[in-house]
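Chain by chain, the residues:
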Amino acid sequence: MELKKNYYTAHKFGGSSVADASRFKEVKKILKGEKEIIVVSATKGTTTKLQNMLDAARDGKAWQADLKANEDFHHQIIDTLVPPANQGNLHEVISHDFATIAKVFETVESIGVYSIEIQDYILGYGEQWSAQILTKYLSLTTRAIYLDASKVLTSYKKDGLVCIDWDKSEQALKDFLANHEEFDQMVITGFISSTPEGKRTTLGRNGSDFSGAIFARLFKSIELIIWTDVDGIYSAHPAKVPSAFCIEHLSYKEALELAYFGASVLHPMTVAPVQEADIPMYIRSSYEPSNPGTLITNETRPSPYIIKGLTYVDDIALINIEGAGMAGISGIAARIFQIMQQCNISVIVISQASSEHSLCFAIAKSMADIAVEALNTNLKFEIENKQISNVVADKECAILAAVGDGMVGEPGVAGKFFGTLAKASINIKTIAQGSSERNISVVINRKDINKALQATHSGFYLSEKIISVGLIGPGGIGKTLLNQIQEAQTFIKERYAVDIRVKAIMSSSKMLLSENALSSNWQNNLSNSNEKPDLAAFKSHLTSGDVPHSVIIDCTASKDVSKDYLSFFNEGFNLITPNKHANAGDINYYNEIKKTAKHHGLHYLYEATVCAGLPVITTLQDLIKTGDDIITIEGVVSGTLSYIFNELSTGRKFSEVVKEAKELGYTEPDPREDLSGQDVARKLVCLSREIGLNVSLDDIQVTNLVPAELKDCSIEEFLRRLPEFDTQIMDMAAKAKANNEKLCYVGKINADGSTKVGIQSVSQTQALARLNATDNILVFQTKRYTKERPMIIQGPGAGAEVTAAGVFADLLRLTSYVY
């Protein structure tokens, strides 16, 4: 019969697709039964087992039982699939092969060594067995024939690469077909071929896929389908990036880039034969044959994504060569890489500074010591004469590559790639990009590869942006915040593609560690948890799973927790808090916190430290960033005291209102903390420092509303005796009312740094007098916002809901900063 162009569909089934008899049955279901070329691998694990037994024979170890088990396994598959009447002499053929292998092993055992030729001979048996078994099984219902690839395919090695003698192989195939009748299905052994001398050899690593591409080209097939145990080529390794997805289409150029940098389902050698022949190739799963898989063609198709996929190679060493004598010296790079060639070391990535002072390149970690020794030996003269200062190998590296035709000619892709890694606190050791622009590669620390994959995958909108959250203090504000996040999670995912993953919750007595604490009833789980608070375990869990960005949210009012902020930043955490202690405490500690966060490229967000959820801090920061000058900031910044003085203006007694405010939950458990004015003073310190003033609590004049006689008594005694001291403040309120004014507890910051906190009687026409309930108000007088027309921010300044909302807003703001 003659070879027909565009007539056959070529299939390649990997070892997992023919792992046992049940998988052979699934293969038959997948096939149509006509016009098919089927290349098969050995059954799963067989080639490895043959190699292990060959090594055992060389080393004088037992191999006989393993060989017998492997033989029995293949006989069992035959008996399961093929009725005795149709088996022919297949059992005898298999038994003869195993007997031959046993004799070879006995010889190897005797001499204690084996050659490459013997290794190739032994390892090629697995494909012969699986192909012959599949042929017998398919021939029960179709005209199926068997082809031993070594009878038609000739290969040779050149510079370490496997090459195909296409003319000789094509003629041999035509000769084979001329001696056979028409067939429906031809089953061909993968992995094996013949040397030009006619000896059986192998095609090397991933040789079966290479075989599939070779025979697809030789048969001028319509398409090649590589069947494996995964759905196709993924946007990233699914084990490292759970949100990775199967890529619908790749160009051959994209596929080559991904394959070269470690996409394990496709080897670079597989691409060339079908690419040159313009044959479409599919990567599909024999376990889920209804899934479309990945289509690879020569065309570039529009994609919603700038990059198609991320791939990596780990266990890499980066060789660094530096020296002032390298600059301007012709041929130094050529010498270096010639040394690598002589050592048979493949160079994966190369980078050289334009000054020529340094050069670095990436190689397999296993070759690092050989490379350094060879370089030191061959460059001994240059090193001794200080032309080259040193040759160093960094053995803990990995290569991360972003690949996509959409990168070609697109400005800003490299910047986004590098920026995304920087935001995840990942240092780039060296960079490489080819002139094609469809691949950007970076060498990074090996320990960062998982985090880097996650960060760049979400950074290029290939998946949701994940942020790992740990919350300290699940009390009033913390509890409310967690509930707000829980309620909004689905909406935020759908609208903004942000996955807020609360992984750790810690109270003063318990701790809950989870992959997603809000996926169930977190309050019950925390209550039932036996975990004691352990900040080290809390932080360790928060960074587990290689989520690129983590944030600690401190919802306590604890001074002790605020002392850990510096360590949070030094360990790579972003921080959000409504806790005022750090910002209003020691000025040196405050400055160190800000400096450390900036140094590490981390974010410190504290909107809710002043006026709960009102946009005070961000507004003030924006005014300063845009060059405005602050003249005064004045206002009522305590929701508690706002409520008390609003009620006083109606004629109610001071002591009565204080008691009511406590009952309503507006005050701290001890109302004196609010009445002392210290909370207001802390907020003014926060605002003062925000505008660059070195103000501390001791610098502020504060009117304390707690009578001196009641400062040290119990809370109960304080509330019982407070009416004794109503007269003075009630008289002040009455006088203000008589003057058409209103008493307010006001804080004021002046540009010179002078700051006051106390009772002020203000005209009813002023903004400060127009407060209700727990409202806060801040009046900004600046160069742009004058005394006549100031900027005013007003709204609820107390309560768990609004404070939690302010923290939540900071959390969403953080996601936009880090992605």
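Scroll up to find the structure.
Residues numbered from 1 in each chain as written. Predicted model: local features only at pLDDT ≥ 70, side-chain atom pairs only at ≥ 80, totals over all residues. Heavy atoms only, no water.

### Focus: the nonpolar core
Most often, soluble globular proteins keep nonpolar side chains buried together rather than apart. M186, F215 and F219 are the most contacted members of the largest nonpolar core, which has 88 residues in total. It is helix α4 (residues 90–111) that contributes the most residues to this core, eight residues altogether. By size, the runner-up hydrophobic cluster in this structure holds 67 residues, among which are V637, L675, L687 and V695. (Core = buried A, V, L, I, M, F, W, Y, C linked by side-chain atoms within 4.5 Å. Buried < 20%, exposed > 50% of the residue type's maximum accessible area, 1.4 Å probe, protein only. Helix = DSSP H or I, 4+ residues; strand = E, 2+ residues; numbered from the N terminus.)

### Thoughts on the sheet that holds strand β28 (residues 755–763)
Taken in spatial order, the six strands line up as β26-β28-β27-β25-β29-β30 in an open sheet, and their pairing is mixed. The two strands at the open ends of the sheet, each matched to only one other strand, are β26 (701–702) and β30 (791–796). With six bridges connecting them, strand β29 (residues 775–782) and β30 associate as antiparallel partners. Each bridged residue has a counterpart across the sheet, and for F780 the counterpart in β30 is M791. Against the sheet, helix α23 (residues 616–625) touches β25 (630–636), β29 and β30, its axis set at about 5° to β29. (Pairing = 2+ DSSP bridges. Contact = heavy atoms within 4.5 Å. Axes fitted to C-alpha atoms, helices over the stretch in contact; angles between N-to-C directions.)

### Digging into the state of the cysteines
Inspection of every chain in the model, using the stated rule, returns zero disulfides. Summary of cysteine pairing: C343 is not part of a disulfide, and the nearest cysteine sulfur, belonging to C360, is at 18 Å. The cysteine C360 is free of any disulfide, with C397 supplying the nearest cysteine sulfur at 9.5 Å. (Disulfide = S-S within 2.5 Å.)

### Overview of helix α16 (residues 476–496)
A488 marks where α16 bends most, by close to 50°. Residues of α16 that are buried include every one of G478, T480, L481, L482, Q484, I485, A488, Q489 and I492, and no others. At its buried positions, α16 is contacted by β19 (465–472), β20 (498–506), α17 (522–527), β22 (550–554) and α30 (800–818). (Bend = angle between axes of the 7 residues up to and from the residue.)

### Looking at the pairing of β19
Of all eight residues in β19, eight are buried; the element is thus mostly enclosed. Alternating residues of β19 divide into K465, I467, V469 and L471 and I466, S468, G470 and I472, and every residue in both groups is buried. Bridge analysis of β19 against β20 gives eight bridges, and the strand direction is parallel. Residue S468 lies in a different strand from β20, and its bridge partner there is R501. Where β19 lies against β22, five bridges are found, and the strand directions are parallel.

### Things to note about the environment of I296
Counting through the fold element by element, I296 comes out in strand β12 (residues 294–297). When the C-alpha atoms of I296 and M281 are compared, they prove to be 5.1 Å apart, with 15 residues separating the residues in sequence. Ignoring anything within four residues of it in the chain, the contact list for I296 reads I233, L250, S251, Y252, A255, L266, I279, P280, M281 and I283.

### Comments concerning the packing of α4 against helix α5 (residues 116–123)
Interaxial distance between α4 and α5 falls to 11 Å at its minimum, and their mutual angle equals 155°. Considering the angle they form, α4 stands roughly antiparallel to α5. The element α4 and its partner α5 pack so that their crossing is left-handed. Within the contact between the two elements, α4 uses T100, I101, V104, F105 and V108 and α5 uses I118, Y121 and I122. The residue inventory of the contact of α4 with α5, partitioned by class, reads seven nonpolar, one polar and no charged. (Parallel < 35°, antiparallel > 145°, perpendicular 65-115°, else oblique. Left-handed = near helix turned anticlockwise from the far one by under 90°. Nonpolar A, V, L, I, M, F, W, Y, C, P; charged D, E, K, R; others polar.)

### With respect to the packing of helix α9 (residues 252–260) against helix α10 (residues 268–276)
Contact geometry of α9 with α10 gives a least axis separation of 9 Å together with a crossing angle of 165°. The orientation of α9 with respect to α10, classified from their angle, is roughly antiparallel. The hand of the α9/α10 crossing is left-handed. In contact with Y252, K253, L256, A259 and Y260 of α9, α10 contributes P268, V271, V274 and Q275. Residues of the contact of α9 with α10, tallied by class, amount to seven nonpolar, one polar and one charged.

### Points about the environment of F725
Tracing the backbone through its elements, the reader meets F725 in the loop between α28 (715–721) and α29 (726–738). Accessibility expressed as a relative area gives 24% for F725, which makes it partly exposed. Considering only alpha carbons, one finds F725 and P707, 18 residues apart in sequence, at a separation of 7.3 Å.

### Structural notes on helix α25 (residues 654–663)
All buried positions along α25 are accounted for by F654, S655, V657, V658 and A661. Looking straight down α25, one finds its buried side chains confined to an arc of 165°; they lie on one side. On its buried side, α25 packs onto α24 (639–648), α26 (672–675), α28 and α29. Directly after α25, the chain includes G665, whose backbone phi takes a positive value near 85°. (Arc of directions from axis to C-beta.)

### With respect to the side chain of S507
Following the sequence through the fold, S507 ends up in the loop between β20 and β21 (511–513). In terms of polar contacts, S507 uses its side chain to reach the backbone amide nitrogen of S509, at 3.3 Å. Excluding residues within four positions of it along the chain, S507 makes contact with P474 and P533. (Polar contact = N/O pair within 3.5 Å; in protein donor to acceptor, adjacent residues only side chain to side chain.)

### Here we look at the pairing of strand β6 (residues 185–189)
Counting buried positions over the five residues of β6 gives five, a clear majority of the element. Side chains Q185, V187 and T189 of β6 all project onto a buried face; the interleaved residues M186 and I188 project onto the opposite face, where all are buried too. Pairing of strand β2 (residues 36–40) with β6 involves five bridges; the strand directions are parallel. Across the sheet, I37 pairs through a bridge with M186, a residue of β6. Bridge analysis of strand β3 (residues 144–147) against β6 gives four bridges, and the strand direction is parallel. Along β6, the bridge assignment pairs L147 with I188.

### Overview of the pattern of salt bridges
Considering all chains together, one arrives at 34 salt bridges under this definition. For R672, the salt bridge goes to D670, with nearest N and O atoms at 3.0 Å. Taking the relative accessible area as the measure of exposure, R672 reaches 9% and is therefore buried. Taking the shortest distance from any N to any O, the salt bridge between E717 and R721 comes out at 3.4 Å. Placement of both E717 and R721 in helix α28 is noted, with a separation of four residues, approximately one turn of the helix. Overall, the relative accessible area of 25% leaves E717 in the partly exposed class. For R721, a relative accessible area of 22% puts it in the partly exposed group. If you follow the salt bridges from partner to partner, you end up with E647, R652, E656 and E660 in one network. (Salt bridge = Lys/Arg side-chain N within 4 Å of Asp/Glu carboxyl O.)

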